[in-house]
Amino acid sequence: MPIDIQKVRADFPILSHTVYKRPLIYFDNAATTQKPLQVIKAISDYYENDNCNIHRGVHYLSMKATEAFEEARKEIREFINAPSTHEVVFTKGASESLNLVAASFGKKFLKPGDEVVTTIMEHHSNFVPWQIICEEKGAVLRVANILADGDLDTRHLYSLISEKTKIIALTHVSNVLGTINPLKEIIAHAHRMGVPVLVDGAQGVAHAKVDVSDLDCDFYCFSGHKMYGPMGIGVLYGKEKWLEELPPYQSGGEMVKDVRIERTTFNELPFKFEAGTPNVEGVTGLRAAVQYLKNIGMEEISLYEDRLLKRAVEGLSSISDMRFYGTAPEKASLVSFLIGDIHPFDAGTIIDKMGIAVRTGHHCAQPLIDHFGIPGTVRASFAFYNTADEIDRLTEAVSRVKRMFA
Ligand code: PLP
């Protein structure tokens, strides 16, 4: 069923706010999405009715909270079509999931002279952890280029893969360019070379159906807050064979089976990677977000957001001197641009005064911004609760900025 935009918008209380006496237009969805009432209510219901520490209690409340927590894991397994709940680890976000894999994988598998392959379009969260572990282990980080339109240069990527390559770490969708990487093709190629692939799905999971079994990726990481869920919760999907092999990332309660003065044995998956009291509130909210997305339908969301993107590109392209960054044919619903030589901070500040929230700067992807030799971009990123009218307001706002600086 097509998206009923009025009904959807009524679910997001913040969208009816005004800023500077104008209706808020929220185009910073790639940084974080807004939350529907269903998510907000699930969190307050949890604290009103179920709050308790989980897994360790034999009393009623603890068992109830544990059951809800594990039901959420099942729902998230199904949402990404992971083969098993053992492969769904709760973390505090994509960054923690990525750090976990880099640290644990690196500790176990990297040695001097080995190589890790990544791309220049990575968010710092999928770049710096690999840089750190490579430095620690004497390994080398190899970085694949992009083409002029912001597509990944897969030929360059493939040329970097050799018998020295231990893992490929790349993003599903670029948070600056919007480029959607051809994951299936890359993963199949990497596997033929015997190399596992980690996917940073922070910008992928909210915009189209993700099927980790079909992708055959070895790891897939994402954050709840970029998919209409709460902050402070995220997921690491990892194939069981890898998660079994990786050493624990953090230690403490929950991740242990048996602790003696002499030695400790670790808990089974996924608990081996969930040290300490988990974010039960976050998991509860994430479950509500997944249910919300499923109700709307990921295909409907993709179709709707594609239309918003098309309208934005058409509108903004009609303004002279626009410089777009990321025009790949397979692209998620965001536009990154500069208006002539106007500094992105100046443009963003003026656009904000017109009630429109856009992001400016390097978007935590400095190597990519350096590659373009620019100070940053203005980024407008869209969600299924945005409207065509809001997109037209952005085009008007950008025209106005241009006139002001003329
Ligand atoms: N990866 C990408 C592509 C992102 O866009 C972001 C956040 O913007 C992250 C990773 C990090 O996500 P988080 O800050 O939720 O851990």
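Data block above holds the structure.
Rules and cut-offs
- Residues numbered from 1 in each chain as written.
- Predicted model: local features only at pLDDT ≥ 70, side-chain atom pairs only at ≥ 80, totals over all residues.
- Heavy atoms only, no water.
- Helix = DSSP H or I, 4+ residues; strand = E, 2+ residues; numbered from the N terminus.
- Rg over C-alpha atoms; globule rule 2.2 N^0.38 Å.
- Buried < 20%, exposed > 50% of the residue type's maximum accessible area, 1.4 Å probe, protein only.
- Contact = heavy atoms within 4.5 Å.
- Areas by Shrake-Rupley, 256 points an atom, 1.4 Å probe, with all protein chains shown as cover.
- Lys, Arg positive; Asp, Glu negative; His and termini not counted.
- Charge placed at Lys NZ, Arg CZ, Asp CG, Glu CD.
- Salt bridge = Lys/Arg side-chain N within 4 Å of Asp/Glu carboxyl O.
- Near = heavy atom within 4 Å.
- Polar contact = N/O pair within 3.5 Å; in protein donor to acceptor, adjacent residues only side chain to side chain.
- Phe/Tyr/Trp six-rings, centres within 6.5 Å; stacked < 30°, edge-to-face > 60°.
- Axes fitted to C-alpha atoms, helices over the stretch in contact; angles between N-to-C directions.
- Parallel < 35°, antiparallel > 145°, perpendicular 65-115°, else oblique.
- Left-handed = near helix turned anticlockwise from the far one by under 90°.
- Nonpolar A, V, L, I, M, F, W, Y, C, P; charged D, E, K, R; others polar.
- Core = buried A, V, L, I, M, F, W, Y, C linked by side-chain atoms within 4.5 Å.
- Domains from an automatic or database assignment.
- Pairing = 2+ DSSP bridges.
- Arc of directions from axis to C-beta.

A. Representation of the overall build of the protein in the model. Looking only at helices and strands, the protein features 14 helices and 17 strands. Its C-alpha atoms give the protein a radius of gyration of 22 Å, within 12% of the compact-globule value 22 Å for 406 residues. Over its C-alpha atoms, taken along the principal directions, the protein stretches across nearly 75 × 55 × 35 Å. Out of the 406 residues belonging to the protein, those deemed buried represent 57%. Of all intrachain contacts in the protein linking residues separated by at least 6 positions in sequence, the fraction that spans at least 24 positions is 72%. Summing over all exposed atoms, the protein offers an accessible surface of approximately 17,400 Å²; the carbon and sulfur share of this is 52%. Charged side chains in the protein number 44 positive and 52 negative. The centres of these two groups are separated by 2 Å.

B. Geometry of the pattern of salt bridges. Counted according to the given criterion, the structure contains 24 salt bridges. Ionic pairing is found between Arg260 and Asp258, a salt bridge with its closest N-O pair at 3.0 Å. Judged by its relative accessible area of 51%, Arg260 is exposed. We classify Asp258 as partly exposed; its relative accessible area is 31%. Its salt-bridge partner being Arg311, residue Asp392 comes within 2.7 Å of it at the nearest N-O pair. Placement of Asp392 in helix α14 (residues 388–405) and of Arg311 in helix α11 (residues 298–317) is noted, with a sequence separation of 81 residues between them. On the basis of relative accessible area, Asp392 is assigned to the partly exposed category, the value being 26%. Taking relative accessible area as the criterion, Arg311 reaches 37% and is therefore assigned partly exposed. Sharing partners across several salt bridges, the network here consists of Glu75, Glu78, Arg287 and Lys294.

C. Local environment of the site of the ligand. Close contacts around the ligand come from Ala94, Ser95, His123, Ser125, Thr171, Asn175, Asp200, Ala202, Gln203, Ser223, His225 and Lys226, and that covers them all. Within the side chain of His123, one N or O atom sits 3.4 Å away from an oxygen atom of the ligand. Within the side chain of Gln203, an N or O atom sits 2.7 Å from an oxygen atom of the ligand.

D. Broad picture of the packing of aromatic side chains. One pass over the full model with this rule turns up 17 aromatic pairs. Both rings, one in Phe105 and one in Trp242, keep their centres 5.6 Å apart while their planes meet at 50°; by these two values the pair is tilted. Pair noted here: Phe105 is in helix α4 (residues 94–109) and Trp242 is in helix α9 (residues 240–245), with a separation of 137 residues, a long-range link. For the pair formed by Phe105 and Trp242, the shared burial category is buried. Ring-pair connections join several aromatic residues into one group, and the members of that group are Phe12, Tyr228, Tyr292, Phe384 and Tyr385.

E. Molecular detail of the packing of α4 against helix α5 (residues 128–137). α5 packs onto α4 with a crossing angle of 15° between their chain directions and a minimal axis gap of 9 Å. Between α4 and α5, the angle falls in the class roughly parallel. As α4 runs across α5, the sense of the crossing is right-handed. Contacts between α4 and α5 involve Leu98, Asn99, Val101, Ala102, Ala103, Gly106 and Lys107 on the former and, on the latter, Pro129, Trp130, Ile133 and Lys137. Of the residues belonging to the contact of α4 with α5, the class tally is 7 nonpolar, 2 polar and 2 charged.

F. Here's a closer look at the packing of helix α2 (residues 37–50) against helix α10 (residues 280–296). Where α2 meets α10, the closest approach of the two axes is 8 Å, and the angle between their N-to-C directions is 145°. Taken as a pair, α2 and α10 cross one another with a handedness that is right-handed. Where α2 abuts α10, its residues Gln38, Val39, Ala42, Ile43, Tyr46 and Tyr47 lie against Val280, Glu281, Thr284, Gly285, Ala288, Ala289 and Tyr292. For the contact of α2 with α10, a count of residues per class yields 9 nonpolar, 3 polar and 1 charged.

G. How the structure looks around the nonpolar core. Counting residues in each nonpolar core, the largest one holds 99 residues, and the members touching the most others are Phe27, Tyr220, Met227, Phe382, Phe384, Leu394 and Val398. The residue makeup of this core includes at least three contributed by each of domain 1 (5–30 + 297–405) and domain 2 (41–294). When neighbours within four sequence positions are excluded, Tyr220 is seen to be in contact with His172, Val199, Gly201, Gly204, Val205, Val210, Val212, Leu215, Val235, Leu236 and Tyr237. Core analysis: the next-biggest nonpolar cluster, separate from the first, contains 25 residues, Leu98, Phe105, Phe127 and Leu243 among them.

H. Summary view of the sheet that holds strand β13 (residues 322–324). The 4 strands are arranged β13-β14-β17-β16 in an open sheet whose pairing can be described as antiparallel. Two strands close off the open sheet at either side, each with one partner strand: β13 and β16 (359–361). Taken over all neighbouring pairs, the strand axes of this sheet differ in orientation by 30° on average, direction set aside. By the bridge criterion, 4 bridges tie strand β14 (residues 334–339) to strand β17 (residues 377–381) in an arrangement that is antiparallel. Paired with Leu334 across the strands is Ser381, a residue of β17. Contacts from α14 reach β13, β14 and β17 within the one sheet, and its direction differs from that of β14 by about 15°.

I. Quick look at helix α12 (residues 344–353). Every buried residue of α12 is listed here: Pro344, Ala347, Gly348, Ile350 and Ile351. The buried residues of α12 all sit within an arc of 165° when viewed along its axis, so they share a single face. Those residues of α12 that are buried lie in contact with β14, β15 (356–357), β16, β17 and α14. A positive phi of about 90° marks Gly355, the residue just after α12.

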